[in-house]
Amino acid sequence: MGACAKLAIAFIASIVVTVVSVIALAISEQTGPYRLVGSRVERAISAYQQGPDVQAAAPARRAGSTKCLSRLEERIHEVLARSPVPTWGVLIYNSKHGGELYSRSADRSFVPASGMKLLTAAAALNRLAENFNFTTRIYRSPNSRNAVCLVPVGDPTFSDSHLNSLVRKTLEALKLPEGSPIEIRVVGVGGSEEPPEVWEAGDISQPYGAHAGLAVINDNLINVRVSPGQPGQPLVASLFGRDIGAVKLDTGDSMTGADGYGPTLLRVMYAVDADSRLVLKTSGTLSANSPPVWFLRAARPAGRLLTLHLQGALSENGFGPNRASVVALHRHDQTGRCAFEANESAVLASSSSRTLVPLLARVLEYSDNLYTESLMMALGNGDRRVGLQTVEDAVRDVLETSDAQKVPGALFSMHGLVMMDAAGLSRQNLVSPRLFVSLLEGMRKSSLLRHCLPVSGRSGTLAWRMRGTAAEGIVFAKTGTITGVSSLSGYLAHLTLGLTTFSIVANNVPGRVKGGSLRSVQDAILVALAEARAADLERHTSCE
């Protein structure tokens, strides 16, 4: 076969691979439950097809020869060379001292884990007022004196104490005659609630995987007690208080061993039963004389949990099952039972969360997934798809600011963005270090963002990192960690160089590599940056 024929075959094969990849990408976008608008699919396809052009439009990378590196670059190069992970993306930028101080795969899209929360935080600061809060209200029904409408808004801080207060104030305002019944119509919790397929199956059971929707109560978490039964019989799983009946429990795959029988790994995880319903299944063994074991788990569906707690609050105020009924309605109820005018005269009681900055502190400082998803939902007026699109639109707005535009290729970085959730649990999310740095540069004048970020050696997820080093107390950054992924993006307030922006992301981490070693690499890079002086940024003149 001639050389031309071989080249033709190779060219045709490359086209086939490209077409198959694009089709697979489009199908995955279209079939997911949080399918985003078509433009996002088109943009991802465009980024794939235009890869060489995008790379050409980006600024020139610094040379591969170590002779051409500045002293800071040499130090970072040595740190990464010792890393057990080959797939790193790094960009360090200082607008007043040469722009890009270090770059490695900065235009490549990486899975960012909880680093994704930076996008929602920036969007919230960009689109919501500083005095924004979640306010849950109970309104008078428009057509019944004995009926009221509870309108939850996805307040991640909402708890039993707030619910008890709402119920008490409502009953006081209604002043119902002795023995009169009451009906509370809960808007937005009717219908089925599917677990998010963009999260791993194991995540939806864990506390960090609690559902974010309009209905939230006690972080949407429940306590499950697993106790031994009779020897040879299944274990006993129990819920308590207002949580009773919140989820279906199944212990068919568990067993109680004889006294002294060594326990096996206990698991309490969601599964789908024969009727296509979610059940919380317990598996493993405990000996008959073992003490109970407690598990904190996400409640699914969350709407049912809220209605159960509402029934409990009513009962404690003298309105038991014979006098009180709770009706779950779809958000866009067409029956007229809650078609009220949302005005202050119709409000019987209300409960408000804290304002935006404390909410963002939970998002960034403590990496709270529920708070992040709730803020994203608020940006979309309760609609997840609209919320994700609003975050993306707000990010684009920030990248178009003059500060962000100082970073070469800032807007080009949007081409590689894929946002499937706000919290960062999805492994389908993709963000480049350049986008993170551009976004942070665009937000550099926002003292609120830095105020909410963890501080090295001082607070949040950075409380124990970089202590006793030159970087302690001057790094304000968001961490991100899921299996195989570690990210850190934020600011370093350099004593002489000023505010420096960075993003350091590792992907494709082998299972044998522990998260601590990845964090050590990130910390070592930032310590090198903190110790750098202006002379350490200068490159050899022969390389210019």
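Everything numeric in this text was worked out from a predicted model, so none of it was measured.

Colleague: Please explain the pairing of strand β5 (residues 182-187) as it appears in this structure.
Modeller: In terms of burial, β5 is a largely internal element, five of the six residues being buried. Examined bridge by bridge, strand β4 (residues 147-151) and β5 share four bridges and lie parallel to one another. Across the sheet, residue L150 finds its bridge partner in β5, namely V186. Relative to strand β12 (residues 324-329), β5 runs parallel, the two being bridged by six bridges. In the sheet register, R185 faces β12, and the bridge partner there is V327.

Colleague: Can you help me understand the environment of A361 in this one?
Modeller: Secondary-structure assignment places A361 in helix α8 (residues 356-364). Along the sequence, A361 and A121 sit 240 residues apart, while their C-alpha atoms lie 9.4 Å from each other. Aside from chain neighbours lying at most four places away, what touches A361 is Y366 and C452.

Colleague: Mind showing me how you'd approach the packing of α8 against helix α9 (residues 369-379) here?
Modeller: Each pair of packed helices can be described by the angle between their axes along with the distance between the axes. One can describe the packing of α8 onto α9 by two numbers: an axis separation of 7 Å at closest approach and a directional angle of 130 degrees. Between α8 and α9, the interaxial angle falls into the category oblique. Both α8 and α9 take part in a crossing whose hand is left-handed. Residue-level inspection shows L356, L359, L360, R362 and V363 of α8 in contact with α9, the latter providing Y371, T372 and L375.

Colleague: Help me out: how do you make sense of the environment of P358 in this one?
Modeller: Along the chain, P358 falls in helix α8. We classify P358 as partly exposed; its relative accessible area is 22%. Residues P358 and N133, spaced 225 residues apart in sequence, show a C-alpha to C-alpha distance of 10.0 Å.

Colleague: What is the right way to look at the packing of helix α6 (residues 160-174) against helix α7 (residues 302-316) in this model?
Modeller: Following both chains from N to C, one finds α6 and α7 inclined at 50 degrees, their axes separated by 9 Å at the closest point. When the axes of α6 and α7 are compared, the pair comes out oblique. The crossing of α6 and α7 is right-handed. For the pair α6 and α7, the contacting residues are D160, L163, N164 and V167 in the first and H309, L310, A313 and L314 in the second. Classifying every residue of the contact of α6 with α7 by side-chain character gives five nonpolar, two polar and one charged.

Colleague: Would you take a moment to explain the sheet that holds strand β1 (residues 88-94) for this structure?
Modeller: Sheet strands line up and pair through hydrogen bonds in the backbone, either parallel or antiparallel. Pairing in this open sheet of five strands is antiparallel, and the strands run β2-β1-β16-β15-β14 from one edge to the other. The open sheet has two edge strands with one neighbour each: β2 (99-104) and β14 (475-482). Averaged over all neighbouring strand pairs, the angle between strand axes comes to 5 degrees, with direction disregarded. Bridge count for β14 against strand β15 (residues 485-494) is eight bridges, and the pairing is antiparallel. Considered in β15, the bridge of G480 is made with S487. Lying over the sheet, helix α12 (residues 433-442) contacts β1, β2, β15 and β16 (498-506), oriented at roughly 155 degrees with respect to β16.

Colleague: Whenever I open this one, the nonpolar core confuses me. Can you help?
Modeller: Soluble globular proteins tend to pack their nonpolar side chains together in the buried interior. If you look at the biggest cluster of nonpolar residues, it comprises 46 residues, and the most contacted ones within it are L119, L375 and L449. Within the residue set of this core, elements represented by two or more residues are α5 (117-127), α8, α9, α10 (384-399), α12 and α13 (447-452). The biggest single contributor to this core is α5, with seven residues. Setting aside residues up to four positions removed in sequence, L375 forms contacts with T120, L128, F132, F134, L356, L359, L360 and V363.

Colleague: How should I be thinking about the sheet that holds strand β9 (residues 267-272) in this particular structure?
Modeller: A sheet is described by the order of its strands in space; here three strands give the open sequence β8-β10-β9, paired in mixed fashion. Only two strands of the sheet have a single partner each, and these edge strands are β8 (249-257) and β9. Going from strand to strand, the sheet's axes swing by 20 degrees on average, the running direction of each strand aside. Of the strand pairs in this sheet, β9 and strand β10 (residues 278-287) are connected by six bridges, and their pairing is antiparallel. Considered in β10, the bridge of V268 is made with T282.

The rules behind these values
Residues numbered from 1 in each chain as written. Predicted model: local features only at pLDDT ≥ 70, side-chain atom pairs only at ≥ 80, totals over all residues. Heavy atoms only, no water. Buried < 20%, exposed > 50% of the residue type's maximum accessible area, 1.4 Å probe, protein only. Helix = DSSP H or I, 4+ residues; strand = E, 2+ residues; numbered from the N terminus. Pairing = 2+ DSSP bridges. Contact = heavy atoms within 4.5 Å. Axes fitted to C-alpha atoms, helices over the stretch in contact; angles between N-to-C directions. Parallel < 35°, antiparallel > 145°, perpendicular 65-115°, else oblique. Left-handed = near helix turned anticlockwise from the far one by under 90°. Nonpolar A, V, L, I, M, F, W, Y, C, P; charged D, E, K, R; others polar. Core = buried A, V, L, I, M, F, W, Y, C linked by side-chain atoms within 4.5 Å.

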